[in-house]
Amino acid sequence: MEEKNFDRVLGKKDVLALAFGAMIGWGWVILVGGWILKAGTLGAMSAFIIGGIMVIFVGLVYAELTAAMPECGGANVFSRRALGKNASFVCTWALILGYVGVVAFEACALPNVVEYLLPGFLKGYMYSVAGFDIYASWVAVGVVSSIIITAINYFGAKPAAVLQSVLTVAIAAVGIALICGSAFSGNIENTKPLFIDGIGGIMGVAIATPFMYVGFDVIPQAAEEINMPFNKIGKILILSIVMAVSWYALVIFSVSMTMKPWEMETSILVTADAMKFAFGGRQIAAQILIIAGLAGIVSSWNAFLMGGSRAIYSLAQAKMLPSFLAKLHPKYKTPTNAILLIGLCSCVAPFFGKVMLTCITNAGSFGIVIAYVLVSISFMVLRKKEPDMPRPYKLKNYKFIGSMAIILASLMLLLYSGAY
């Protein structure tokens, strides 16, 4: 097993771009219409605020633990120190399921966007999966993209962070344009009905929010590569979550302002059409937003490949996975075999087509929330077991924050189990 020797190359802007870029991804382009039609405008916004509150409490827990134990692996390090190897194994694998799920999701989503942008793109019919036809051109885009993004991560954390910063700025610029355009061109009457199906509608959307918000916890996974004061890591982490909650709420409201419900029902990409309507029906506006969505796919993909590979590396370092997965490249200081393993998963995903998207989203969200519960419990245990541990970012009212993190994450698990 090789000695840990990561390079601390990630600055404040890199860390914020990694977390925020991972959270905003592509979901806001393809799923907003469904959220609004399921819960209503305010219902969908409320669902993301509720999910955001849960994630903020969990994020506060992560913030203290990351500053106190800035080691590669994040959740694995926290849970192993507090709860032992068995709980740590469950916690980390649950999180890895979520990370790899996002990577596979994006490998299927990217050719989907290319299909929308390039009519006639589908060539070379191969077979069908769950009623979805798989074409060679569709698979090729997913596989080639997987190889490129895997290679970028292989050659160092800094190149991946630079890519992330560029993509995140591009996404944010287009999102701000949508928000501003809807403010001038939208109609408040379009936002009705404000609620659909009451609490049931809100909870139906809220159950998807952990998968949308997962991304802030990429920061703890790469903690050994962060070059900034430990007490500031927690602040950046919380800022990224608040920005993501605001982003989703504003995008939902902007889309609702510019499109009527019946228009959403017949639209293929609701947010792209909302952008078109916000700018006087210009198709170029829709295409620009789709390109931003494409950047969102790559930003999430890039961040979760980085975070997932560090989580796998950490498990291997703890002798809970084969030692070859703990290999660190002597020059690039990246966990090369862990990166290649996740890259292989992303190459395989496109062969299953769109059916992967729903299956992976559900399984990944469930795993992510399991990890949140175990990390929150670890936080409370460590406060009791190791009260004198140096904590550069130390929470006040830790009992309330830790208890709320456990309760809210557990309630989210009940939603997934159908017990709500």
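Just so you know, these numbers come straight off a predicted model, no measurement behind them.

A. Quick peek at the overall build of the protein chain. Counting secondary structure elements, the protein chain contains 18 helices and 2 strands. Relative to a compact globule of 420 residues, whose C-alpha radius of gyration would be 22 Å, the protein chain shows 21 Å and is just as compact. C-alpha extents for the protein chain along the principal axes are approximately 60 × 50 × 40 Å. With 420 residues in all, the protein chain has 59% of them scored as buried. Partitioning the contacts of the protein chain with sequence separation of at least 6, the portion at a separation of at least 24 is 82%. Within the protein chain, one finds 29 positive and 19 negative side-chain charges whose respective centroids are separated by 7 Å.

B. Up close: helix α5 (residues 75-83). Considered for burial, the residues of α5 that qualify are Ala 75, Asn 76, Val 77, Phe 78, Ser 79 and Ala 82. Positive phi shows up at Gly 84, right after α5, with a value of about 100°.

C. Examining helix α3 (residues 32-39) more closely. Burial in α3 covers these residues: Val 32, Gly 33, Trp 35, Ile 36 and Ala 39. Buried residues in α3, looked at end-on, bunch into an arc of 160°, giving them a common side. After α3 finishes, the residue Gly 40 shows a positive phi value of roughly 85°.

D. Spotlight on the packing of helix α8 (residues 157-185) against helix α12 (residues 230-258). Taken N-terminus to C-terminus, the directions of α8 and α12 make an angle of 45°; their axes are 9 Å apart at the nearest point. The angle between α8 and α12 falls in the class oblique. Where α8 crosses over α12, the two elements pack in a sense that is left-handed. Between α8 and α12, the contacting residues are Ile 171, Ala 172, Gly 175, Leu 178, Ile 179 and Ser 182 on the first element and Trp 247, Leu 250, Val 251, Ser 254, Val 255, Met 257 and Thr 258 on the second. Within the contact of α8 with α12, the residues separate by chemical class into 9 nonpolar, 4 polar and no charged.

E. Representation of the nonpolar core within the structure. By size, the foremost hydrophobic cluster in this structure holds 148 residues, and its most contacted members are Trp 28, Trp 35, Tyr 62, Phe 216, Val 255 and Tyr 372. The leading source of residues in this core is helix α15 (residues 283-317), at 18 residues. When neighbours within four sequence positions are excluded, Trp 28 is seen to be in contact with Ile 171, Trp 247, Tyr 248, Val 251, Thr 271 and Leu 289.

F. Highlighting the environment of Gly 84. By the secondary structure assignment, Gly 84 is in the loop between α5 and α6 (85-117). Along the chain, Gly 84 and Ser 378 lie 294 residues apart, while their C-alpha atoms are 9.8 Å from each other.

G. Molecular detail of the packing of α6 against helix α16 (residues 336-348). Packing of α6 against α16 leaves a shortest axis separation of 8 Å and a crossing angle of 40°. Taken together, the axes of α6 and α16 lie oblique to each other. Judged by the sense of rotation from one axis to the other, the crossing of α6 with α16 is right-handed. Within the contact between the two elements, α6 uses Val 100, Val 103 and Ala 107 and α16 uses Ile 342, Cys 345 and Ser 346.

Cut-offs applied
Residues numbered from 1 in each chain as written. Predicted model: local features only at pLDDT ≥ 70, side-chain atom pairs only at ≥ 80, totals over all residues. Heavy atoms only, no water. Helix = DSSP H or I, 4+ residues; strand = E, 2+ residues; numbered from the N terminus. Rg over C-alpha atoms; globule rule 2.2 N^0.38 Å. Buried < 20%, exposed > 50% of the residue type's maximum accessible area, 1.4 Å probe, protein only. Contact = heavy atoms within 4.5 Å. Lys, Arg positive; Asp, Glu negative; His and termini not counted. Charge placed at Lys NZ, Arg CZ, Asp CG, Glu CD. Arc of directions from axis to C-beta. Axes fitted to C-alpha atoms, helices over the stretch in contact; angles between N-to-C directions. Parallel < 35°, antiparallel > 145°, perpendicular 65-115°, else oblique. Left-handed = near helix turned anticlockwise from the far one by under 90°. Nonpolar A, V, L, I, M, F, W, Y, C, P; charged D, E, K, R; others polar. Core = buried A, V, L, I, M, F, W, Y, C linked by side-chain atoms within 4.5 Å.

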